[in-house]
Amino acid sequence: MIAVLEKTVTLSQLFDFYGGLLTPRQQEIMRYYFYDDFSLGEIAENLDISRQGVHDHLQRAEKQLREFEEILGLLESYHDLQEETDYLLEKLKGEKPIVREERRDLIEAVKRIKNCL
């Protein structure tokens, strides 16, 4: 069950980053499926196509989204930026003063963020 949920979240995020690169029909089907939580049958009925047609569109769209991520890596960069900013915020919110070694770590984290932009 968790694997299905993780796949759904990942595909939804990939769609957020790369959805504009899909065909208008794939975009429409992905929106129905991921944002409106329509079943394959409901999408098929709304678009007057078969359930298998909806399934095929979703499979092709998923394949393309994963290929875009493999080439461009925007989602991975986004997650890296989140990790780095979380680290910086945690260190900067701390009660104790920042020592020289920590300052170097913070500078390196900022450089990593800068390189992701």
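Not measured: the values here are computed from a predicted model. (Residues numbered from 1 in each chain as written. Predicted model: local features only at pLDDT ≥ 70, side-chain atom pairs only at ≥ 80, totals over all residues. Heavy atoms only, no water.)

Asker: Before we move on, can you summarise a negative patch on the surface with the specific residues and values?
Answerer: Residues Glu-76, Asp-80, Glu-83, Asp-86 and Glu-90 make up a contiguous surface patch of negative charge. Position of Asp-80 among the secondary structure elements: in helix H5 (residues 74-93). Judged by relative accessible area, Asp-80 falls into the partly exposed class, the value being 32%. (Patch = residues over 30% accessible without salt bridge, like charges linked within 9 Å, V, L, I, M, F, W, Y side chains within 5 Å. Areas by Shrake-Rupley, 256 points an atom, 1.4 Å probe, with all protein chains shown as cover. Salt bridge = Lys/Arg side-chain N within 4 Å of Asp/Glu carboxyl O. Lys, Arg positive; Asp, Glu negative; His and termini not counted. Charge placed at Lys NZ, Arg CZ, Asp CG, Glu CD. Helix = DSSP H or I, 4+ residues; strand = E, 2+ residues; numbered from the N terminus. Buried < 20%, exposed > 50% of the residue type's maximum accessible area, 1.4 Å probe, protein only.)

Asker: Give me the packing of aromatic side chains: which residues, what numbers.
Answerer: If you walk through the whole model with that rule in mind, you get six aromatic pairs. Ring centres of Tyr-18 and Phe-68 lie 5.9 Å apart, and the angle between their planes is 45°; this geometry places the pair in the tilted category. On the criterion of sequence distance, the pair formed by Tyr-18 in helix H1 (residues 2-18) and Phe-68 in helix H4 (residues 51-72) is long-range, its members being 50 residues apart. Each member of the pair, Tyr-18 as well as Phe-68, carries the same accessibility label: buried. By the ring-pair criterion, three or more aromatic residues cluster together here, those being Phe-17, Tyr-18, Phe-68 and Tyr-78. (Phe/Tyr/Trp six-rings, centres within 6.5 Å; stacked < 30°, edge-to-face > 60°.)

Asker: Tell me about the pattern of salt bridges, and please be specific about residues and values.
Answerer: Tallying each qualifying case throughout the model produces six salt bridges. The shortest N-O distance in the salt bridge between Lys-63 and Glu-67 comes to 3.0 Å. Pair noted here: Lys-63 and Glu-67 are both in helix H4, with a separation of four residues, about one helical turn. The salt bridge partner of Lys-111 is Glu-108, with a shortest N-O separation of 3.8 Å. Of this pair, Lys-111 and Glu-108 both sit in helix H6 (residues 100-116), three residues apart, roughly one helical turn. Here Glu-108 falls in the partly exposed class, since its relative accessible area comes to 38%. Taken together, the salt bridges that share partners define one network made up of Lys-7, Glu-62 and Arg-66.

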